[in-house]
Amino acid sequence: MDIRLENLSKTYGTVPALSPLSLTIEKGERVCLVGPSGCGKTTLVRLLLGLIEPTTGTITGLPEKVSAVFQENRLCPDFSLLTNVLLGDRKATKEAALELLLRLGLQEAARQKAATLSGGMARRAALARCLVREADLYLLDEPFSGLDEATKLAAMDTLRTYTKGKTVLLVTHDKREAAYLSCRTVTLTKPVVEKNL
Ligand code: ADP
Ligand code: MG
């Protein structure tokens with residue numbers, strides 16, 4: 001089923017976080033969400049995840065199985081990297097998690113505590129935790145942030161392989177990522193704050 005957003009918006013008190021948005025994402029489509037900082041990209045991801053309620057509008061057609069990379073890594077610092085990846089899906093096997101770590105260049109860090117990972121490693125760990133879950137919709141909020149060129153390429157390749165045929169919404173600032181993943185680009189504009197003079 002297609003995902004339909006109709007007149008979807010979010011306001012915090014008087015602060016508009018997402019301007020009214022109507023958008024259809026077809027089943028199996030890849031959409032890149034771009035736009036300046038503060039235009040509501042993360043807000044839209046959070047609305048799709050059901051973490052916050054919209055101020056106006058509706059979302060229909062969301063599949064049951066959704067997996068996400070949040071804007072923050074949200075790793076459990078005292079658990080190993082491997083355990084953190086396995087938390088992505090209780091049905092995930094150790095073999096599947098290790099395969100992902102290998103693809104992302106993290107195999108040697110599998111037993112390392114998440115708290116000791118570098119920024120780039122932790123970002124890739126969050127991506128692995130998302131991809132270990134077999135979902136119908138993948139929501140990825142700047143999943144490659146803080147990665148150097150080589151690790152980013154491996155991460156983009158892995159994402160492309162693991163989400164083949166699935167619906168993907170990727171938040172990014174980088175047009176190359178959109179091109180590499182053959183995404184349709186949707187640009188959000190910053191909500192206008194109305195001032196009472
Ligand atoms: P983006 O991800 O595009 O950078 P966000 O969705 O994080 O933007 O934020 C959009 C706007 O909403 C920003 O102005 C931000 O300050 C505001 N905002 C986001 N979350 C909250 C919140 N919980 N309370 C108040 N304002 C918020
Ligand atoms: Mg954001």
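Engineer: Go over the coordination of the magnesium ion (ligand 2), please, and point to the residues and values.
Structural biologist: Surrounding the magnesium ion (ligand 2) are the protein donor atoms T42 (OG1) and Q71 (OE1), at 2.0 to 2.1 Å. In this pair, T42 is assigned in helix α1 (residues 41-48) and Q71 in the loop between β5 (66-69) and α2 (81-86), connecting sequence segments 29 residues apart. Look at T42 and you get partly exposed, because its relative accessible area is 22%. Looking at Q71, the relative accessible area reads 41%, which means it is partly exposed.

Engineer: Report on the packing of helix α4 (residues 119-131) against helix α5 (residues 149-162), specifying residues and quantitative values.
Structural biologist: Packing of α4 against α5 leaves a shortest axis separation of 11 Å and a crossing angle of 10 degrees. Comparing their axes, α5 and α4 come out roughly parallel. Each of R124, L127 and L131 in α4 lies in contact with α5, whose residues at this interface are T151, A155, T158, L159 and Y162. Of the residues in the contact of α4 with α5, the class split is five nonpolar, two polar and one charged.

Engineer: Give me the environment of H173: which residues, what numbers.
Structural biologist: Tracing the backbone through its elements, the reader meets H173 in the loop between β7 (167-171) and α6 (175-180). Judged by its relative accessible area of 53%, H173 is exposed. Between the C-alpha atoms of H173 and P36, which are 137 residues apart in sequence, the distance is 8.0 Å. Residues contacting H173, with those up to four places away along its chain left out, are G35, K41 and E142.

Engineer: Please provide a residue-by-residue account of the domain arrangement of the protein chain, values included.
Structural biologist: Structurally, the protein chain comprises domain 1 (1-65 + 135-197) and domain 2 (76-133). Here domain 1 and domain 2 have C-alpha centroids that lie 23 Å from each other. The interface is formed by 19 residues belonging to domain 1 together with 11 residues belonging to domain 2. Overall, the association of domain 1 and domain 2 removes approximately 1300 Å² of surface from exposure, summing both partners, and the carbon and sulfur fraction of that is 63%. It is Y138, T158 and Y162 that lose the most area in domain 1 upon contact with domain 2, and together they represent 36% of the buried surface on that side. At the level of elements, β6 (137-141) and α5 are the ones that each hand at least two residues to the side of domain 1 that touches domain 2. Counting residues per element, the side of domain 1 that touches domain 2 draws most heavily on α5, at seven residues.

The rules behind these values
Residues numbered from 1 in each chain as written. Chains lettered and ligands numbered in written order. Predicted model: local features only at pLDDT ≥ 70, side-chain atom pairs only at ≥ 80, totals over all residues. Heavy atoms only, no water. Donors = N, O, S within 2.8 Å, 3.2 Å for Na, K, Ca; no water. Helix = DSSP H or I, 4+ residues; strand = E, 2+ residues; numbered from the N terminus. Buried < 20%, exposed > 50% of the residue type's maximum accessible area, 1.4 Å probe, protein only. Axes fitted to C-alpha atoms, helices over the stretch in contact; angles between N-to-C directions. Parallel < 35°, antiparallel > 145°, perpendicular 65-115°, else oblique. Contact = heavy atoms within 4.5 Å. Nonpolar A, V, L, I, M, F, W, Y, C, P; charged D, E, K, R; others polar. Domains from an automatic or database assignment. Buried area = accessible area lost by both parts, 1.4 Å probe.

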